[in-house]
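Close look at the chain arrangement
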Amino acid sequence: MIKAENISKSFQGTNVLNDVSATFKKGQNNLIIGQSGSGKTVMMKCIVGLLEVDKGNIFYDDRNFNKMSFKQRKELRREIGMLFQGGALFDSMNVEENVMFPLTMFTKWTYKERQDRVNFCLERVNLNNVNHLYPDELSGGMQKRVAIARAISMNPKYLFCDEPNSGLDPRTSVMIDELIDELTRDFEMTTIINTHDMNSVLSMGDQIIFINKGEIAWKGNKDEILTTNNKTINDFVYVTEMAKRLKG
Amino acid sequence: MGPLYHLGRYALLIKRAFKKPDRQKVFWRRVLNEIDKLGVSSLGIVLIISVFVGAVVALQAAFNMESPWIPDYAVGLTTRQSIILEFSPTIISVILAGKVGSSISSEIGSMRISEQIDAMEIMGVNPASLLVAPKVLAAMLINPFLITLSMAVGIFGGWLGALASGALTGEMYVFGIKSFFHLYDIFYALFKTVIFAFIITSVSSYYGYFVKGGSIEVGHASTRAVVSSSILIIFANLILTQLMLT
Ligand SMILES: Nc1ncnc2c1ncn2[C@@H]1O[C@H](COP(=O)(O)OP(=O)(O)OP(=O)(O)O)[C@@H](O)[C@H]1O
Ligand SMILES: [Mg+2]
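The paragraphs below set out a description of the structure included in this document.

Rules used in this analysis
- All residue numbers refer to position in the chain's written sequence, counted from 1.
- Throughout, the order in which chains and ligands are written sets their labels, letters from A for the former and numbers from 1 for the latter.
- Local features in this predicted model are restricted to residues of pLDDT 70 or higher, and side-chain atom pairs are both shown and tallied only at a pLDDT of 80 or more, whereas totals for entire chains, interfaces and linings draw on every residue.
- Hydrogens and waters are ignored; side-chain quantities use all the structure's heavy atoms.
- To qualify as a helix, a DSSP run of H or I must reach at least 4 residues; to qualify as a strand, a run of E must reach at least 2; elements of each kind are numbered from the N terminus.
- Think of it in three bands: residues with accessible area under 20% of the maximum for their type are buried, residues over 50% are exposed, and the middle band is partly exposed, with areas taken using a 1.4 Å probe on protein chains only.
- A contact between two residues is defined here by any heavy atoms of the two lying within 4.5 Å.
- Reported accessibility uses the Shrake-Rupley method at a 1.4 Å probe radius. Residues are deemed covered only where the shown protein chains occlude them.
- Only nitrogen, oxygen and sulfur atoms within 2.8 Å of the metal, or 3.2 Å for Na, K and Ca, are treated as donors, and water is left out, so sites may look incomplete.
- By this rule, a helix spans an expected 1.5 Å times one less than how many residues it contains.
- Definitions used throughout: a 1 Å grid over protein atoms alone; a cavity as a set of points that fits a 1.4 Å probe which cannot get out; a pocket as an open set with protein on both sides within 12 Å along at least five of seven lines; a lining residue as one with an atom within 4 Å of a point.
- Grid points are joined across faces, edges and corners, and a volume is the space filled by probe spheres set on the points.
- Here the term charged refers only to Asp, Glu, Lys and Arg, the term nonpolar to Ala, Val, Leu, Ile, Met, Phe, Trp, Tyr, Cys and Pro, and the term polar to all other amino acids, Gly among them.
- Here the quantity called buried area is the accessible surface, traced with a 1.4 Å probe, that two parts lose on coming together, added over both.
- Within this document, salt bridges are pairs made up of a side-chain nitrogen of Lys or Arg and a carboxyl oxygen of Asp or Glu, the two lying within 4 Å of each other.
- Only heavy atoms are used to decide nearness, and a residue is near a molecule or strand if one of them lies within 4 Å of it.
- N or O atoms within 3.5 Å of each other form a polar contact, as long as, within protein, one can give a hydrogen and the other can take it, and as long as residues adjacent in sequence are counted only when both atoms are side-chain atoms.
- Here, a strand pair is defined by DSSP locating no fewer than two bridges between the strands.

Structural notes on the overall build of chain B
Counting its secondary structure elements, chain B contains nine helices and zero strands. Mapped in sequence order, the helices and strands of chain B form the string α-α-α-α-α-α-α-α-α. Considered along the principal axes of its C-alpha atoms, chain B spans approximately 70 × 40 × 35 Å. When the 246 residues of chain B are sorted by exposure, 50% land in the buried category. Within chain B, counting contacts between residues at least 6 apart in sequence, those at least 24 apart form 86% of the total. Carbon and sulfur atoms provide 74% of the accessible area of chain B, an area that totals close to 11,500 Å².

This is how it looks when you write it as structure tokens:
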């Protein structure tokens, strides 16, 4: 479980997050949705500490992240996996080295053991025989999947995904969504996902928070989002022609 | 942002880079890699420039000192001192600042903008230790070899230049090379080299590490890295020369 308590963040005077509180539960998909520029990435980076919050506290299962020393944060981060919006694969390393990197840094396993783990993770994301390719030799969807494999290689307790399916075709996006969903349940992770893809919202939104103008404008789940009368969220959901017609 | 801001942030980065590595084995493997990348790949340019500049220095010395009052071996002596004291350690370092500095800052800078550095941070890896320190160490270890080689090749180039000038014999040049030789000069030159290697790699890493924005900013950063490290080398040279030769 991860808890954000009254966090605020501004850049040069512009408020991006304003007193935001939320609880993200274990073993389920916690979605953060909102328009482009609404502060989803900033929120995620504040939670993992890539950005310092101006105000507020973040708890990882009752451990106060803001009160941790540099060293304690480093320890905690071994329990975190993160999928960046752009993949962030190490482009000087091939697929196998990318997924193996955290294992090499933090385990005392033999090469064989690490390789087995890498292959297990790559199989989980349906990638075979790409171990020796470099990131620039992969398609966008394959890069995303390698990034997921790297994020889960250390068996994280907390998984962060920043727009896991932006820029992918519908079929591949659905596949990635299903994959994250499966991993979350199989490994009992606390998963936080940023997205503005309505299909992801409806298929995997166990818990959804909607950020608008730096504040949480709505909370609920994938069923509630279709029935709510909240105007801001309706404006967000029913913006496309298709959605409007379906609502009828 | 003022110079104090940069200085402070630079000092913090260097401090973080030289913390105990997360994994010794990985760290030292990267140092070896960097030695290969920074050292071996610079060999060609260093050798070519050294042999030609050595030849030109000797030619100039021969033409400008054609006087009955100056002995012929002075050509060898002048060439040797110019090369050992300044050309090899300082000018070659400035050239390396251009070659190595820009590649370091664009490599680290593009890792920054594509969030690869953040990805390391999230894993609990110290990116400064893994990316910056090996480059700094590698250059401090390998540049003295490069510069020693440059000295040897430069003096050899001088011999070719001396012969081409027709103003003196090869024997006279060699005699000049051996006259009034102090080992301290070599020590002084290599000491400077190590300091310059630190400047080049750490300053360029700094500019790359704190890039914000996109690929245009990565380009700006590498220009700034080369300009700053070249100026700092020349400046440090003045101070070191003052301190060590007087
Ligand atoms: N480092 C930064 N410095 C200044 N402003 C920033 C910084 N990072 C984000 N912002 C601003 O914060 C706001 C929210 O950005 P953020 O990246 O969180 O949006 P987002 O919801 O993730 O959008 P998208 O869906 O397009 O990824 C934007 O207005 C952006 O300009
Ligand atoms: Mg974003």
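Comments concerning the coordination of the magnesium ion (ligand 2)
Ideal geometry at a metal centre gives angles of 109.5 degrees when four donors are arranged tetrahedrally and 90 or 180 degrees when six donors are arranged octahedrally. All names here are of chain A. At this site the magnesium ion (ligand 2) is bound by Thr41 (OG1) and Gln85 (OE1), with donor distances of 1.9 to 2.6 Å. With Thr41 in helix H1 (residues 40–48) and Gln85 in the loop between strand S6 (80–83) and helix H3 (95–106), this residue pair connects regions lying 44 residues apart in the sequence. You can call Gln85 partly exposed: its relative accessible area is 34%.

Side note on helix H9 (residues 215–245) of chain B
The end-to-end C-alpha distance of H9(B), which contains 31 residues, comes to 44 Å, matching closely the 45 Å that a straight helix rising 1.5 Å per residue would cover. What H9(B) keeps buried is the set Val218(B), Ala221(B), Ser222(B), Ala225(B), Ser228(B), Ser229(B), Ser230(B), Ile233(B), Ala236(B), Asn237(B), Leu240(B) and Met244(B).

What to know about empty space enclosed by the protein
Within this structure, the stated rule accounts for one cavity of 30 Å³ or more. Of the pockets and cavities examined, the largest cavity occupies roughly 150 Å³. Along its surface, the largest cavity is lined by 17 residues, and Ile80(A), Gly81(A), Arg150(A), Ala151(A) and Met123(B) are the ones closest to its centre. Elements represented by at least two residues in the lining of the largest cavity include exactly S6, H3 and helix H5 (140–152) of chain A together with helix H5 (116–123) of chain B. Taken together, the residues of the lining of the largest cavity sort by class into 12 nonpolar, two polar and three charged.

Let's talk about the interface of chain B and chain A
Each partner contributes residues to the interface: chain B has 19 residues there, and chain A has 25 residues. Here chain B meets chain A over a buried area of about 2,000 Å², counting both sides, of which 63% is carbon and sulfur. Counting the surface chain B buries against chain A, the share from its top three residues, Arg23(B), Ile122(B) and Met123(B), is 35%. Connecting chain B to chain A are two salt bridges. Note that Lys74(A) and Asp22(B) form a salt bridge whose closest N and O atoms lie 2.6 Å from each other. Put simply, the parts of the chain that give the side of chain B that touches chain A at least two residues each are helix H2 (24–39) and H5 of chain B. Among the elements that make up the side of chain B that touches chain A, the one with the highest residue count is H5(B) (seven residues). Split into classes, the residues belonging to the side of chain B that touches chain A amount to eight nonpolar, four polar and seven charged.

Examining the site of ligand 1
Residue and element names in this part refer to chain A. The local shell around ligand 1 holds 13 residues, among which Ser36, Gly37, Lys40, Thr41 and Glu163 are the closest. Between ligand 1 and Ser38 there is a distance of 3.3 Å, counted from an oxygen atom to a backbone nitrogen or oxygen. Contact between ligand 1 and Glu163: an oxygen atom at 2.8 Å from a side-chain N or O atom of the residue. For ligand 1, whose free accessible area comes to 640 Å², the fraction covered by protein is 62%. Per-element tally for the shell around ligand 1: the top contributor is H1, with three residues.

Comments concerning the pairing of strand S3 (residues 29–33) of chain A
Residues and elements named next belong to chain A. Taken across its five residues, S3 has five buried, putting it largely inside the fold. Where S3 meets strand S8 (residues 190–195), five bridges bridge the pair, whose relative direction is parallel. If you follow Ile33 over to S8, its bridge partner there is Thr195.

A look at the layout of surface pockets
Its volume calculated, the largest pocket comes out at about 1,200 Å³. Around the largest pocket sit 30 residues that line it, and Leu50(A), Arg112(B), Asp118(B), Glu121(B) and Phe210(B) are the ones nearest its centre. Split into classes, the residues belonging to the lining of the largest pocket amount to 13 nonpolar, four polar and 13 charged. By volume, the second largest pocket is sized at about 800 Å³. Counting only elements with at least two residues in the lining of the second largest pocket, the list comes to H3 and helix H4 (111–124) of chain A together with H2 and helix H4 (74–113) of chain B. Looking at the lining of the second largest pocket element by element, the count peaks at eight residues for H2(B). Looking at side-chain class alone, the lining of the second largest pocket contains 10 nonpolar, seven polar and 12 charged residues.

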